[in-house]
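# Architecture at a glance
So the chains spell out like this:
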Amino acid sequence: MESEKKSSSISDVGAWAMNVVSSVGIIMANKQLMSNNGYSFTFATTLTGFHFAVTALVGLVSNATGYSASKHVPMWELLWFSVVANMSITGMNLSLMLNSVGFYQISKLSMIPVVCVMEWILHNKQYSKEVKMSVMVVVIGVGVCTVTDVKVNLKGFVCASVAVLSTSLQQISIGSLQKKYSIGSFELLSKTAPIQALSLLTLGPFIDYYLSGKLITNYKMSSGVIFFILVSCSLAVFCNVSQYLCIGRFSAVSFQVLGHMKTVCVLTLGWLLFDSELTFKNIMGMILAVVGMIIYSWAVEVEKQSNAKIAHHAKNSLTEEEIRLLKVGIENSALMDVELGEAKV
């Protein structure tokens, strides 16, 4: 039993590590690919379509070789999920274009409370005082180190709202679909990736043209661009798989909270690799965010142990109703014995 727990803990750490490393790696690769100092490949939505196309290809090969088993999930559920996921991607890109960086970061931070409220509405999930407190610490910490200028406009606000709601719903749906159909994270991803790839590669160039005013067909590809696209797509496979793994193992809230570790890593690596400015405010915000994540991990562990004790107590203790029924059963049994004895006499 102890070895199983240890093995599960190692798997959990592995899933988180894969997600953080691949997410930070893909941000760094995309920064080189998209920035003006890099290759100015400003077609973010189409690039996401490439990501899902490579992920779908890996899933196809995995199913064909028997590495993963294919389980049935109704097509309407897959289509609905893909629409929500694509709304999340498009909404995020539009929000980044129409809003200031400060408001974009605030909208991303609002996902944690939105996920909490959605899980409470959809699944009646309750959160302890400690969990709520730690979430607030993380939000404040990341807010301090990332939020600068905050400018709001109606179009940007609408796009940010759509992005936050669809992203939160998508992340909750990943966990609920896995539980509902007893399907593994990679199997679910291999079913949704082809639909997302097809839709994003079809609509992506038009969305990118609206966002940047440039057509991908007019962009001159070079060996450097192709190399970084391949690196980005390879990392996207690990990023997508680990996202589904993490949400399947934990919850959408945990994924959002501990996911902000990526923000801390990106700021640190930006300072180390790209000479980005790192102020005292950034450092204090990062420290506060990390402290919040540690408190959150502790609070979730305490909540798990508390729930386990309650479940164990409920399993091993009889309710008053059960004791009453047991007494009635014993009395009836004794009465039957007396009647049988009289009958024999």
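Counting of residues starts from 1 at the beginning of each chain's written sequence and follows it residue by residue. Under the rules for a predicted model, residues below a pLDDT of 70 receive no local features and side-chain atom pairs below 80 are neither given nor counted, while totals for whole chains, interfaces and linings still include all residues. Think of the side-chain values as coming from all heavy atoms in the structure, minus any hydrogens and water.

### Let's talk about the packing of aromatic side chains
Only Phe, Tyr and Trp rings are paired, with Trp represented by its six-membered ring, and only when their centres lie within 6.5 Å; those with planes under 30 degrees apart are stacked, over 60 edge-to-face, the remainder tilted. Per the counting criterion, the structure on display carries 6 aromatic pairs. Between the aromatic rings of F43 and Y219, the centroid separation amounts to 5.8 Å while the plane-to-plane angle is 80 degrees, which identifies the pairing as edge-to-face. Here Y219 lies in the loop between α8 (185-212) and α9 (223-249) and F43 lies in the loop between α1 (2-34) and α2 (44-64), a separation of 176 residues in the sequence. Accessibility assignment for this pair places F43 and Y219 in one class, buried. Members of the aromatic cluster, connected to one another through ring pairs, are Y39, F227 and F228. Put simply, DSSP H or I for four residues or longer makes a helix, DSSP E for two residues or longer makes a strand, and each gets a number counted from the N terminus. For every residue, the accessible area (1.4 Å probe, protein chains only) is compared with the maximum for its type, and the residue is labelled buried under 20%, exposed over 50%, or partly exposed between those bounds.

### Here we look at the confidence of the model for the chain
Confidence of the prediction at every residue is given by pLDDT, a number between 0 and 100. Confidence along the chain averages 77 in pLDDT terms, with 80% of residues attaining 70 or more. Per-element confidence in the chain ranges from a low mean pLDDT of 47 for helix α13 (residues 320-344) to a high of 90 for α2. In the model, residues 333-345 has pLDDT below 50 throughout and makes 0 contacts with residues more than four positions away in sequence or in other chains. Only heavy atoms enter the contact rule, under which two residues are in contact if any of them lie within 4.5 Å.

### Some points on the packing of α2 against α8
Think of two packed helices as two axes; the pair is described by the angle between the axes and how far apart they sit. Axes here refer to lines fitted to C-alpha atoms; in helices the fit is confined to the stretch in contact. Angles between the N-to-C directions go from 0 to 180 degrees. Packing of α2 against α8 leaves a shortest axis separation of 7 Å and a crossing angle of 160 degrees. One finds that α2 runs roughly antiparallel with respect to α8. Pair α2 / α8 crosses with left-handed handedness. In this classification, the charged set is Asp, Glu, Lys and Arg, the nonpolar set is Ala, Val, Leu, Ile, Met, Phe, Trp, Tyr, Cys and Pro, and all remaining amino acids, among them Gly, are polar. In the contact of α2 with α8, the residues fall into 16 nonpolar, 11 polar and 1 charged. When describing relative orientation, an angle under 35 degrees is termed roughly parallel and one over 145 degrees roughly antiparallel, while 65 to 115 degrees is termed roughly perpendicular and anything else oblique. Crossings are classed by handedness, with left-handed meaning an anticlockwise turn of the near helix from the far one by less than a right angle and right-handed meaning a clockwise turn.

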